[in-house]
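# Report on the structure
Chain residues, written in single-letter form:
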Amino acid sequence: MPAPGFPTRPTVAPAVSQVAGSLAAAGHRAWLAGEELARAWWAPPGPGPRTHRIVTSAPLAVVLERLPRAVVIHARGLMLPSAAGAIDLVVEQRLPEALADFGFSLHTIAWDPVDGTLIDPCDGLADARCGRLRLVGDPAEQLARSPVLALRALRLVAELGLEPDPSLGPALGTAALETTAQLRAAARSELLRMLCGSHAGRALELAASSGLAKQLAPAADPSVAHWIDALAPRVELRLAVWLGTGAAPWLRDWRLGLGRSQRVLELAQHHPIDEAASPRHDAAVGRLLRRLGPEDRADLQAARAAQLASGVLAPEVVRRASARLAALGEAFARVEHNREAALARAGLALSGAQVMEQLACGPGPLVGRALRHLAEICAADATRNTEAALRAALDEWVASAPSD
């Protein structure tokens, strides 16, 4: 019996069902299979465009006859654009034998959207119902044949919160990730998606306990696993706090691209943010504001707060860092306010000289306070930015202000 809340059948897009129906009309079964079926059945949608996979016994010529818009990718593979997204067609395949190549039991399920027939030779639905991640066959042999499955395992744990089968964890450390640049290119997407998963911390802990982390990123900070899930799912931010300031060789080896790598290094340079500038020196805070945009600054403040709340640091370190972080937040607000006031004063209809004339005083703090007051008035109501209105406001301010 299905677990409570577990769907009894997948939700298949009409365009996908129509393709299966067209091939069935020609006398060939067509099965929705692989991770795409899992996402249509019980898993949440993945990032990026949706790609469906259909495995069929139909030969290439029949598929091209029935689906003339399909594009041949290789001898047994085609891609068909559709209203539901791209449909990958794997032709001339017999089930259930073809399913064994899909690696994980969750993905060795096939569903015929025409008549609702299910093929589940490796008990993948049972694993799905209990949230278990299991490789089909001997895990060490599977990972030796396809090392990218190790990164896929971490990604599935991170995205779906799955529990690895007891046989999977020890085998992950045997995967040879350093073999070729081609392998790393294939694994890169899996790794980046893993880091942005809502259970990325669990995946990083699995990498560490299995020994895979020694290959994956030996210089990375293992304690990040305890607080990475609290961060915004921005891959550059999560890479920055995980890899730290020594990220450059890793970014080069994994070929993340110049632009993305520079973003990671910039963020890593300013983590922890409370140590990037002294909150007592407005000039240093101003330079930090110029280097970091509002989103980066907010993310780095949140990252430091998450680290301090995770319990990975000593209580005395947390106490001092928390005070610095709070003071830095106040300094950011103060410096930004002063900047905004300065910008507003530059556009005031009443100049500093006119303010001094009306106040009958020379340059000094009183003039600065008066100009800030007028700037705040104009920021709240731009229609008051006239000489007459500002002179009247200045008179009111002088009358209500305590004497120096």
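Now for a look at the structure at hand. Because the structure is a prediction, the values reported are computed rather than measured.

### Some words on the pairing of strand 3 (residues 71-74)
Across a regular strand the side chains alternate sides, sitting on one face of the sheet and then on the other. Where strand 3 and strand 4 (residues 77-80) come together, three bridges link them in antiparallel fashion. Directly across from Val72, in strand 4, lies its bridge partner Leu78. Taking the residues between adjacent antiparallel strands as the criterion, strand 3 and strand 4 are bridged by two residues.

### A short note on the pattern of salt bridges
Going through the model one piece at a time under the given rule, you end up with 24 salt bridges. In this structure, Arg152 and Glu190 form a salt bridge, with 2.8 Å as the shortest nitrogen-oxygen distance. One end of the pair, Arg152, is in helix 6 (residues 148-160); the other, Glu190, is in helix 8 (residues 181-196), with 38 residues separating them in the sequence. When its relative accessible area of 8% is taken as the criterion, Glu190 is described as buried. A salt bridge links Arg234 to Asp299, with the shortest nitrogen-to-oxygen separation between them at 2.2 Å.

### Focus: helix 19 (residues 387-400)
In a regular helix each residue adds 1.5 Å, so 14 residues correspond to 20 Å; helix 19 covers 20 Å between its end C-alpha atoms and thus fits that length. Along helix 19, the residues classified as buried are Leu390, Ala393, Leu394 and Trp397. Take helix 19 and look down its axis: the buried residues cluster within an arc of 105°, on one side only. For helix 19, the exposed residues lying more than 90 degrees away from the buried face are Ala388, Glu396 and Ala399. Taken together, the buried residues of helix 19 touch helix 17 (352-359) and helix 18 (365-380).

### Digging into empty space enclosed by the protein
On inspection of all chains with the given rule, the structure shows one cavity of 30 Å³ or more. The calculated volume of the largest cavity comes to roughly 40 Å³. Lining the largest cavity we find Glu35, Ala38, Arg39, Trp42, Ala43, Leu106, His107, Leu156 and Leu160. When contributions to the lining of the largest cavity are tallied by element, the ones reaching two or more residues are helix 2 (35-41) and helix 6.

### Concerning the sheet that holds strand 1 (residues 30-33)
Strands belonging to one sheet form pairs held by backbone hydrogen bonds; the direction of such a pair is parallel or antiparallel. Spatial strand order, 3-4-5-2-1-6-7: seven strands in an open sheet with mixed pairing. Since the sheet does not close on itself, it has two edges, and those belong to strand 3 and strand 7 (118-119), each with one partner. One ladder, built from two bridges, connects strand 1 with strand 6 (residues 110-111); its direction is antiparallel. Note that in strand 6 the partner of Ala33 across the bridge is Ala110. Contacting strand 1, strand 2 (51-56), strand 4 and strand 5 (86-90), helix 1 (residues 14-25) crosses the sheet at an angle of about 30° to strand 5.

### A short note on the layout of surface pockets
The calculated volume of the largest pocket comes to roughly 720 Å³. In this structure, the largest pocket is lined by 28 residues; those nearest its centre are Glu35, Glu36, Arg53, Arg152 and Arg155. Within the residue set of the lining of the largest pocket, elements represented by two or more residues are helix 2, strand 2, helix 5 (139-145), helix 6 and helix 8. Among the residues making up the lining of the largest pocket, the classes are represented as seven nonpolar, nine polar and 12 charged. In terms of lining residues, the second largest pocket is bounded by 15 residues, among which Ala208, Ala213, Ala220, Pro222 and Trp242 are the most central. Put simply, the parts of the chain that give the lining of the second largest pocket at least two residues each are helix 9 (200-210) and helix 10 (213-216). At four residues, the largest contribution of residues to the lining of the second largest pocket is made by helix 9.

### Description of the packing of helix 17 against helix 18
The N-to-C vectors of helix 17 and helix 18 enclose an angle of 115°; their axes lie 10 Å apart at closest approach. Regarding the angle of helix 17 to helix 18, the classification is roughly perpendicular. When you trace helix 17 past helix 18, the crossing you get is right-handed. For the pair formed by helix 17 and helix 18, the contact residues are Gly352, Val355, Met356 and Leu359 on the first element and Leu366, Val367, Ala370, Leu371 and Leu374 on the second.

Analysis parameters
Residues numbered from 1 in each chain as written. Predicted model: local features only at pLDDT ≥ 70, side-chain atom pairs only at ≥ 80, totals over all residues. Heavy atoms only, no water. Pairing = 2+ DSSP bridges. Helix = DSSP H or I, 4+ residues; strand = E, 2+ residues; numbered from the N terminus. Salt bridge = Lys/Arg side-chain N within 4 Å of Asp/Glu carboxyl O. Buried < 20%, exposed > 50% of the residue type's maximum accessible area, 1.4 Å probe, protein only. Expected span 1.5 Å × (residues − 1). Arc of directions from axis to C-beta. Contact = heavy atoms within 4.5 Å. 1 Å grid on protein atoms, 1.4 Å probe; cavity = no way out; pocket = protein on both sides within 12 Å on 5 of 7 lines; lining within 4 Å. Points joined across faces, edges and corners; volume = space filled by probe spheres on them. Axes fitted to C-alpha atoms, helices over the stretch in contact; angles between N-to-C directions. Nonpolar A, V, L, I, M, F, W, Y, C, P; charged D, E, K, R; others polar. Parallel < 35°, antiparallel > 145°, perpendicular 65-115°, else oblique. Left-handed = near helix turned anticlockwise from the far one by under 90°.

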